[in-house]
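Single-letter residue listing:
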Amino acid sequence: MNKNFLLALGMAGILASCDAPTSETANEESSLEKINEADHVLAEGASTWTTYEGSIPCASCSEIQMTLRIESKADKTEREYTLTEVYKGRQEGDRTVESKGTYEVSYGMEGDQGAMLITLLDENGNPVNTFLQEKDSNNFILLDKNKKMIKSDLNYTLTKK
């Protein structure tokens, strides 16, 4: 009798699970499907690109229009960038220089141990430029070669687009 009771109880559980889900359960499943789809995309190494733009001072031209695009990958094993610099107002005419490479993120600089720094590296791994990401903003500030703030009243800021 106990075996029949357990068998009947198991059958009732199976039948109950075949009932149509409530709207609340259906929404949860739909949300889970979306999350699983996102996880699947991230698992395939999908990346997103963020663009920062601005004009910085130039000693031999009127300004340098910079466009920095940085890539973020879910696996964080490789971070790429493209940097386009347009030297405006040159005697010979505008000049465009495009560079690509990888970048590294580091933390801490003189006077601010929590500062987040983005260092662009060329194809040989040599530093090209370093930017400070301002806290609570969408700005990158170009630093000097020693990873220090440039002492100037001029603007060295790129803003997220």
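Going by the structure above, here's the rest.
The structure displayed is predicted, hence computed values, not measured ones.

**Side note on the nonpolar core**
Most often, soluble globular proteins keep nonpolar side chains buried together rather than apart.
Logical step 1: Counting residues in hydrophobic clusters, the biggest one holds 18 residues, and the most contacted among them are Leu-68, Leu-120, Phe-131 and Phe-140.
Logical step 2: Taken together, the elements giving at least two residues each to this core come down to strand E1 (47–56), strand E2 (63–73), strand E3 (80–88), strand E5 (112–121) and strand E7 (139–142).
Logical step 3: Sort the elements by how many residues they give to this core and E2 lands first, with 4 residues.
Logical step 4: Apart from the residues lying within four places of it in its own chain, the contact partners of Phe-131 are Met-66, Leu-68, Met-116, Leu-117, Ile-118, Leu-120, Phe-140, Ile-141, Leu-142, Leu-143 and Leu-158.
Logical step 5: In terms of nonpolar packing, the next biggest core, distinct from the first, is built from 6 residues, Met-109, Leu-132, Ile-141 and Leu-143 among them.

**Description of the side chain of Thr-84**
Logical step 1: The topology assignment puts Thr-84 in strand E3.
Logical step 2: The residues contacting Thr-84, other than those within four sequence positions of it, are Gln-65, Met-66, Thr-67, Thr-96, Val-97 and Glu-98.

**A few points about unusual backbone geometry**
Logical step 1: Look at Asp-136: it is not a glycine, yet its phi comes out positive at around 55 degrees.
Logical step 2: Take Asp-136: it is sitting in the loop between strand E6 (127–133) and E7.
Logical step 3: Of note in the backbone geometry, Lys-147 takes a positive phi value of approximately 60 degrees without being a glycine.
Logical step 4: Within the element layout of this structure, Lys-147 appears in the loop between E7 and strand E8 (157–160).

**Some words on the layout of surface pockets**
Unoccupied space between atoms shows up once a probe the size of one water molecule is rolled over them.
Logical step 1: In this structure, the largest pocket encloses a volume near 200 Å³.
Logical step 2: Around the largest pocket sit 15 residues that line it, and Val-128, Asn-129, Thr-130, Leu-143 and Lys-145 are the ones nearest its centre.
Logical step 3: A per-element tally of the lining of the largest pocket places E6 first, with 4 residues.
Logical step 4: Considered class by class, the residues forming the lining of the largest pocket number 9 nonpolar, 2 polar and 4 charged.
Logical step 5: Its boundaries defined by the atoms lining it, the second largest pocket holds a volume of some 170 Å³.
Logical step 6: Lining the second largest pocket we find 12 residues, and of these Ile-70, Ser-72, Tyr-103, Val-105 and Met-116 sit closest to its centre.
Logical step 7: Breaking the lining of the second largest pocket down by element, the ones donating at least two residues are E2, strand E4 (95–109) and E5.
Logical step 8: Of the residues forming the lining of the second largest pocket, the biggest block, 3 residues, is contributed by E2.
Logical step 9: Tallied by class, residues from the lining of the second largest pocket come to 7 nonpolar, 2 polar and 3 charged.

Quick notes on the rules
- Residues numbered from 1 in each chain as written.
- Predicted model: local features only at pLDDT ≥ 70, side-chain atom pairs only at ≥ 80, totals over all residues.
- Heavy atoms only, no water.
- Core = buried A, V, L, I, M, F, W, Y, C linked by side-chain atoms within 4.5 Å.
- Buried < 20%, exposed > 50% of the residue type's maximum accessible area, 1.4 Å probe, protein only.
- Helix = DSSP H or I, 4+ residues; strand = E, 2+ residues; numbered from the N terminus.
- Contact = heavy atoms within 4.5 Å.
- 1 Å grid on protein atoms, 1.4 Å probe; cavity = no way out; pocket = protein on both sides within 12 Å on 5 of 7 lines; lining within 4 Å.
- Points joined across faces, edges and corners; volume = space filled by probe spheres on them.
- Nonpolar A, V, L, I, M, F, W, Y, C, P; charged D, E, K, R; others polar.

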